[in-house]
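Structure at a glance
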Amino acid sequence: MEIFHDTKIDFLKYRTPAMLVSLVIILAGVFMIWKNGIRYGVDFSGGTAIHLKFRTVVPLDSIRNTLKGNGFPDSGVQAFNDPTQVMVRLPQTRVTEEETEELAERVATLLSANALKTLAPQGKRDLNSATPNDINGYLQLKDPWKVGDPAKYKGEVTKIRQMRDANAGLLPSFEQMRGIDAKVLASLKESFYVGDLAILSNEYVGPQVGAELREQAKLAIAWSLAGLLIYVWFRFEFLWGLSAIACLAHDVLITLAFFAFSGREISLTVVAAFLTIVGFSLNDTIVIYDRVRDNLKSMRTQPLENVINLSLNQMLNRTILTNGTVTIVTIVLFLFGGEVINDFAFAMLVGCISGTYSTVYIASAIIVLYNRYFGKKRMATVKAKAAKV
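We now turn to the structure provided with this report. (Residues numbered from 1 in each chain as written. Predicted model: local features only at pLDDT ≥ 70, side-chain atom pairs only at ≥ 80, totals over all residues. Heavy atoms only, no water.)

Time to look at the packing of aromatic side chains. Any aromatic ring pair is given by two values, namely how distant the centres are and how the planes are angled relative to each other. For the structure shown, the criterion picks out nine aromatic pairs. Both rings, one in Tyr 138 and one in Phe 192, keep their centres 5.2 Å apart while their planes meet at 85°; by these two values the pair is edge-to-face. Here Tyr 138, found in helix H5 (residues 132-142), pairs with Phe 192, found in strand E5 (residues 192-193); they are 54 residues apart in sequence, far enough to count as distant. There is no split in this pair, since Tyr 138 and Phe 192 are both buried. Taken together, the ring pairs connect Phe 259, Phe 274, Phe 334 and Phe 346 into an aromatic cluster. (Phe/Tyr/Trp six-rings, centres within 6.5 Å; stacked < 30°, edge-to-face > 60°. Helix = DSSP H or I, 4+ residues; strand = E, 2+ residues; numbered from the N terminus. Buried < 20%, exposed > 50% of the residue type's maximum accessible area, 1.4 Å probe, protein only.)

In structure tokens form, the structure reads like this:
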């Protein structure tokens, strides 16, 4: 498939304004990080994260004020695209799973009473927070069908679980539970109620673990860049390797800047996205470098800028098709992939666009600029090596 045919675009003509745009975005990102700091997720900062779903939209200010006025002054509340879901982050130290669950239950009860103005019936549990084993055990004990066989209730328990999953973790009222046996529902009503708030997940990460993960993430990015530098150095030239690494660092910094602008948190998932961006961007750069090296064999007398421009035009179709399809997938993931991978999709989307752009205006432009001001002798060596390959 060929979208563009015999193009002669002078890409490098716009290298100076393009590099200035990148510099402005990176400096603005650095300023935002200097001013507000990097927002680390619970993975790195430590603390407890509680993912909640409300039956109706509750103003974030109401949630924040409720938490701050009831013993959680340092809490943070993060909104999702779904306005009925929020992530509550608490710096409280909890060391066991039971303590974390107790804290989540305490926060849910607090928000139900103050933000939703609903009180739990005395002596009853919220069916939203009951596990399938809890429900099955209860029905086994009550035995509303008088069958004496706990296995008979597994079908009803499965229906309740599926109903909860279909409603994003929040069950409908008992009256709206279609398909559940009436005797089972009547039995459940005796000890359970259906609240308007559900705990979708909770997790705790200790500060020491968070600091170690942060350090390991930095090392992972640094070592990957160092390894790639050595690879490109051996395959091409040291200068080309440095240009490729500058290109990759540019992509990571641009993505980090957009995270600072949007107030998103850096988590382990986002670090994985950064490493994916590095690999994706390098692949595009290597393909262009290969074509430049091939063209240098037959165009030794041409200025390097012309050779790179020709190579970029020759690879334009390939770049548009491969990078375009990846970008479309990341857009779909970003829009419809759900909250769990939204930050990953956002990082990939920014990184894909930045990676395509940086191959032309960072990696190629640095080589041209170096050659223009410092490296005519070196480029003669490169051309001679290319001729031998």
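A separate point is the packing of helix H9 (residues 238-262) against helix H10 (residues 268-298). For the pair H9 and H10, the least separation of the axes is 9 Å and the interaxial angle reads 145°. Handedness of the crossing formed by H9 with H10: right-handed. Residue-level inspection shows Trp 240, Ser 243, Ala 244, Cys 247, Leu 248, Asp 251, Val 252, Thr 255, Leu 256 and Phe 259 of H9 in contact with H10, the latter providing Val 270, Phe 274, Ile 277, Val 278, Ser 281, Leu 282, Thr 285, Tyr 289, Val 292 and Leu 296. Its residues placed into classes, the contact of H9 with H10 shows 15 nonpolar, four polar and one charged. (Axes fitted to C-alpha atoms, helices over the stretch in contact; angles between N-to-C directions. Left-handed = near helix turned anticlockwise from the far one by under 90°. Contact = heavy atoms within 4.5 Å. Nonpolar A, V, L, I, M, F, W, Y, C, P; charged D, E, K, R; others polar.)

The next thing to look at is the nonpolar core. Membership of the largest hydrophobic core comes to 54 residues, with the highest contact counts inside it found for Trp 240, Ile 266, Phe 274, Tyr 289 and Ile 308. Only helix H1 (15-36), helix H8 (207-235), H9, H10, helix H11 (304-314) and helix H13 (342-373) provide two or more residues apiece to this core. In terms of residue count, H10 provides more of this core than any other element does, 13 residues in total. Sequence-distant contacts of Phe 274, that is, excluding residues within four places in its chain, are made with Ile 221, Val 252, Thr 255, Leu 256 and Ile 266. (Core = buried A, V, L, I, M, F, W, Y, C linked by side-chain atoms within 4.5 Å.)

The next point concerns the pattern of salt bridges. Within this structure, the stated rule accounts for 14 salt bridges. One salt bridge in this structure joins Glu 265 and Arg 89, with 2.7 Å as the shortest N-O distance. Here Arg 89 lies in strand E3 (residues 85-90) and Glu 265 lies in the loop between H9 and H10, a separation of 176 residues in the sequence. Measuring nitrogen to oxygen at the nearest pair gives 3.8 Å for the salt bridge that ties Lys 142 to Glu 190. Placement of Lys 142 in helix H5 and of Glu 190 in helix H7 (residues 182-191) is noted, with a sequence separation of 48 residues between them. The partly exposed category is assigned to Lys 142, whose relative accessible area is 36%. (Salt bridge = Lys/Arg side-chain N within 4 Å of Asp/Glu carboxyl O.)

This part covers the side chain of Thr 327. Take Thr 327: it is sitting in helix H12 (residues 316-336). Among the polar contacts listed, one links the side chain of Thr 327 to the backbone oxygen of Asn 323, at a separation of 2.7 Å. Those residues in contact with Thr 327, other than ones at most four positions away along the chain, are Leu 349, Cys 352 and Ile 353. (Polar contact = N/O pair within 3.5 Å; in protein donor to acceptor, adjacent residues only side chain to side chain.)

So, about the pairing of E3. Each regular strand carries side chains that alternate between the two faces of the sheet. Most of E3 sits out of view: six of its six residues are buried. Residues Gln 85, Met 87 and Arg 89 point to one face of E3 and Val 86, Val 88 and Leu 90 to the other, with burial holding for every one of them. Of the strand pairs in this sheet, strand E1 (residues 47-54) and E3 are connected by six bridges, and their pairing is antiparallel. If you follow Ala 49 over to E3, its bridge partner there is Arg 89. For strand E2 (residues 76-79) and E3, the ladder comprises four bridges, and the chain directions are antiparallel. Note on E3: the bridge partner recorded for Gln 78 is Met 87. Counting the residues between successive antiparallel strands, the hairpin from E2 to E3 contains five residues. (Pairing = 2+ DSSP bridges.)

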